Amino acid sequence: MPSYISNAQPLVRRLADSAKLLVWMTDTSDHCVFLNANPEFTIGEKTSLHINEWFACIHPDDRARLRPSFIKVKEERTGYQFEYRIVRSDGSIRWMMGSGVPRTSDNGDFLGYVGTIVDVTSQHETLEKLAKSEAAHRLLTENSSDLISHHEPSTGLFRYASPSISRLLGYAPDELATLSVYSLISQDDEQAIRKEVRMQIEYCSPSKLVEFRIRAKNGRFYWLGTKLKVIKSPLSGGNTGVVAVSRDITAEREAREQLRHSEERFRSLIKLSSDWYWETDAEGRFTSVSAAIEQIYGLSAKALIGQTRFDRAIHQDDPGIREYVEKTNAREPFRDITYTAYGGQCSEPCHVRISGEPIFQDGEFKGYRGTGRDVTAEVKTNRRLSQLAAANTALIENSVDLMVLIAGDGTILRINQAVEKVLGYTPEEITGRKYQDFLVPGELERTQLIEKQLLKGIPILNFENRWFRQDGSIIHFSWAGQWSTAQSVLYVTGRDVTEMVNTRQEAAKSRQALITMLDSIGDAFYALSTDWRFSYVNGAAPISIGHRAFHNA
């Protein structure tokens, strides 16, 4: 072994382990005649550094790849630039960029090479992270059951559409290359989309849910619920495109329309009723009275606010008042309690028959609500409509879906930033945990049945279950997802439907309460369809009109 190798070995090892930038010069025999101006790496008088010493520190795979190329450029006396890995003393790897050009004398004689060696490890690590991140995002996008698309900001031309567009609208992604999304949107809805884009461009308005109709390839129109975002260049500030995430809400819209017709039908029944509605607080004071009482007794509804039944009762020991006190003290519902009370301006007493139920909010007693006349049903229906409007508003304002990548054993591999708003966790806090950890007791078995279905390759839509938030509260999710056999992972999207679930439960209670109320009163109530058939009758109708008439009808 040449003596220069053993003499140079400690210096080469220090260079391989820690040098960030080397400026070097070699002679015609590949001996280093200059190395940096840094005293730490200066070649000593008794040290001769040969290029083979540096080659010995290169990763074996890269050394075998580079040596033929290095020999070739040296023979041709040309410049070069190579990337390769250096192996440190501890076995770790550094990426280096080596560049060199031939140097010649004034006479053109070849004198050797001059060049630099730069540590580019951080650039490689950054590129590797970016590549992994881009691949994960693309997998989520291409396996999402929602439609994810990218458009030109002004023309609406498709730049990209996820494969789900084929399932949703029947178009192959390559068919959209020359299409504008505006050519597919219903003309009645187009301006709403353009306005949303314009508001974001001109005023940086926050993204909100927009509902519109879009034409499928077969000509049928579907309703989409879409959140879109105008993307701006961080360098120029210009608009680089519009990204949209859309979900088919056709079934939801149809259900909403059916509910509207149902509410109109019940509102018609209430208008025919002569009942009136009331509410009291925890001390029994009237907080709300329907206006129908004015028509019946000539008594201003406002005049009752703040009064109690004792203020209006003629006899404090009235049996009906005693029963009312007994029931309200026990916080029990009551039905058909009759007592005598003062009317309006007239001096004659009136007989009032009331039914009511206690009101609880978060377990705390708040008062009572009930009926004396049938107008109460209209008040309840109006309240139901307000609740629906509030629930729909909440759904629109908070419609931020989760996009989750889950392993076959339930481990959450990746989750988007929406989790922080929806569940209260940061993505880092929830990644690596199993989704089963967040399920409300009683949901695991049902969810695992759906998981088995997914693992068989059967996609799911609108599967609902309950999760715990970080603060311990419960959230209802509607899930859509499918299993990727190629990647052995589960791709799912989750939407917060807590308000919808609560509203659904309250609607069922209100509907049952209304039917019970209609069946309890003495008046006959019925509804006729357009062909004069009975579509609803309460319990008193057959008695009042006659069983035979209903039998013949």
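Residues numbered from 1 in each chain as written. Predicted model: local features only at pLDDT ≥ 70, side-chain atom pairs only at ≥ 80, totals over all residues. Heavy atoms only, no water.

The next point concerns the overall build of the protein. In terms of regular secondary structure, the protein is built from 18 helices and 23 strands. The buried share of the protein, taken over its 553 residues, is 42%. As displayed, the protein offers around 30,200 Å² of accessible surface, 53% of which is attributable to carbon and sulfur atoms. (Helix = DSSP H or I, 4+ residues; strand = E, 2+ residues; numbered from the N terminus. Buried < 20%, exposed > 50% of the residue type's maximum accessible area, 1.4 Å probe, protein only. Areas by Shrake-Rupley, 256 points an atom, 1.4 Å probe, with all protein chains shown as cover.)

Another point: the side chain of Thr 26. Within the fold, Thr 26 resides in strand β1 (residues 21-26). Residue contacts for Thr 26: discarding those within four places in its chain leaves His 31, Cys 32, Val 33, Arg 103, Leu 111, Gly 112 and Tyr 113. (Contact = heavy atoms within 4.5 Å.)

With that settled, the discussion passes to unusual backbone geometry. Positive phi, normally seen in glycine, also occurs at Asp 362, with a value near 55 degrees. Relative to the elements of secondary structure, Asp 362 occurs in the loop between β15 (349-361) and β16 (364-371). For Asp 362, a relative accessible area of 80% puts it in the exposed group.

By size, the foremost hydrophobic cluster in this structure holds 26 residues, and its most contacted members are Leu 15, Trp 54, Tyr 84 and Ile 86. Among the secondary structure elements, those contributing two or more residues to this core are α1 (3-18), β1, β2 (31-35), α2 (51-57), α3 (60-76), β4 (80-87) and β6 (110-119). Beyond its immediate chain neighbours, meaning those up to four positions away, Tyr 84 contacts Trp 54, Ile 58, Asp 62, Arg 65, Leu 66, Arg 94, Trp 95, Met 96, Gly 98 and Ile 117. (Core = buried A, V, L, I, M, F, W, Y, C linked by side-chain atoms within 4.5 Å.)

On to the sheet that holds strand β18 (residues 412-415), then. Spatial ordering of the open sheet is given by β18-β17-β21-β20-β19, a layout of five strands whose pairing is antiparallel. At either end of the open sheet lies a strand with only one pairing partner, and these are β18 and β19 (460-468). Strand-to-strand twist across the sheet, computed as the mean angle between neighbouring axes with direction ignored, equals 30 degrees. Here strand β20 (residues 474-484) runs beside strand β21 (residues 489-496); their pairing, made up of eight bridges, is antiparallel. When the bridges of β21 are listed, Ala 480 appears paired with Thr 493. This element, helix α15 (residues 444-455), spans β19, β20 and β21 of the sheet and lies at about 145 degrees to β19. (Pairing = 2+ DSSP bridges. Axes fitted to C-alpha atoms, helices over the stretch in contact; angles between N-to-C directions.)

Moving on to α3. Taking 1.5 Å of rise per residue, the 17 residues of α3 would be expected to cover 24 Å, and the 25 Å separating its terminal C-alpha atoms lies within 8% of that figure. At Leu 66, α3 shows its maximal kink, close to 30 degrees; a proline, Pro 68, follows between one and four residues later. Of all the positions in α3, only Asp 62, Leu 66, Phe 70 and Val 73 are classed as buried. (Expected span 1.5 Å × (residues − 1). Bend = angle between axes of the 7 residues up to and from the residue.)

Below, the discussion takes up α15. The end-to-end C-alpha distance of α15, which contains twelve residues, comes to 16 Å, matching closely the 16 Å that a straight helix rising 1.5 Å per residue would cover. All buried positions along α15 are accounted for by Thr 447, Ile 450, Glu 451 and Leu 454. For α15, the angular spread of the buried residues around the axis is 105 degrees, confining them to a single face. Residues Glu 445, Leu 449 and Lys 452 are exposed on α15 and point more than 90 degrees away from its buried face. (Arc of directions from axis to C-beta.)

Here we take up the confidence of the model for the protein. Predicted confidence across the protein gives a mean pLDDT of 81, with 81% of residues reaching 70 or more. Across residues 374-383 the pLDDT falls below 50, and counting only partners more than four positions away or on other chains, this stretch makes 39 contacts in the model. Across residues 391-399, confidence stays below pLDDT 50; counting only partners more than four residues off in sequence or on other chains, it has twelve contacts. (pLDDT = per-residue confidence, 0-100.)

Before going further, it helps to examine the sheet that holds β16. The antiparallel open sheet is built from five strands, whose spatial order is β13-β12-β16-β15-β14. The strands lining the two open edges of the sheet, one partner per strand, are β13 (286-289) and β14 (334-342). Averaged over all pairs of adjacent strands, the angle between their axes in this sheet comes to 30 degrees, without regard to strand direction. Across four bridges, strand β12 (residues 277-280) lies against β16 in antiparallel orientation. Looking across to β16, one finds that Tyr 277 is bridged to Thr 371.

Let us now look at the packing of aromatic side chains. For the structure shown, the criterion picks out 15 aromatic pairs. Pairing Phe 438 with Trp 467 gives two aromatic rings, centres 5.7 Å apart and planes at 10 degrees, and the pair type is stacked. You can see Phe 438 sitting in the loop between α14 (427-430) and α15 and its partner Trp 467 sitting in strand β19, a full 29 residues away along the chain. For the pair Phe 438 and Trp 467, one class covers both residues: buried. (Phe/Tyr/Trp six-rings, centres within 6.5 Å; stacked < 30°, edge-to-face > 60°.)

Further remarks concern the pairing of β19. Across seven bridges, β19 lies against β20 in antiparallel orientation. Considered in β20, the bridge of Glu 464 is made with Ser 478.

The next subject is the pairing of strand β10 (residues 221-232). The pairing of strand β9 (residues 209-215) with β10 spans seven bridges and is antiparallel. When the bridges of β10 are listed, Val 210 appears paired with Thr 226. Counting the residues in the hairpin turn of β9 and β10 gives five residues, including Gly 219, whose phi is positive at 95 degrees. The pairing of β10 with strand β11 (residues 239-248) spans nine bridges and is antiparallel. From the neighbouring strand, Leu 224 faces β11, where its bridge partner is Asp 248. Counted along the chain from β10 to the antiparallel partner β11, the turn is six residues long, and its residue Gly 237 has a positive phi close to 80 degrees.

Here we take up the environment of Glu 263. With respect to the helices and strands, the residue Glu 263 is situated in helix α7 (residues 250-271). In this structure, the C-alpha to C-alpha distance between Glu 263 and Arg 511, residues 248 residues apart in sequence, is 9.9 Å.

Moving on: a nonpolar patch on the surface. There is a patch of nonpolar side chains on the surface, built from Leu 21, Val 23, Val 33 and Phe 34 and spanning about 320 Å² of accessible area. Looking at the nonpolar patch, the elements that each hand over two or more residues are β1 and β2. Looking at the element boundaries, Val 23 is found in strand β1. Using a relative accessible area of 33% as the deciding quantity, one classes Val 23 as partly exposed. (Patch = residues over 30% accessible without salt bridge, like charges linked within 9 Å, V, L, I, M, F, W, Y side chains within 5 Å. Salt bridge = Lys/Arg side-chain N within 4 Å of Asp/Glu carboxyl O.)

What follows concerns the pattern of salt bridges. For the structure shown, the criterion picks out 28 salt bridges. In this structure, the salt-bridge partner of Arg 466 is Glu 443, at a minimum N-O distance of 2.6 Å. Of this pair, Arg 466 sits in strand β19 while Glu 443 sits in the loop between α14 and α15; the two residues are 23 residues apart in sequence, bridging distant segments of the chain. For Arg 466, a relative accessible area of 26% puts it in the partly exposed group. The exposure class assigned to Glu 443 is buried, which follows from its relative accessible area of 6%. Residues Glu 464 and Arg 504 are paired through a salt bridge, measuring 3.1 Å at the closest nitrogen-oxygen approach. One end of the pair, Glu 464, is in strand β19; the other, Arg 504, is in helix α16 (residues 498-520), with 40 residues separating them in the sequence. By relative accessible area, Arg 504 is classed as partly exposed at 44%. Here the salt bridges do not stand alone but share partners, grouping Glu 211, Glu 252, Arg 253 and Arg 256 into one network.

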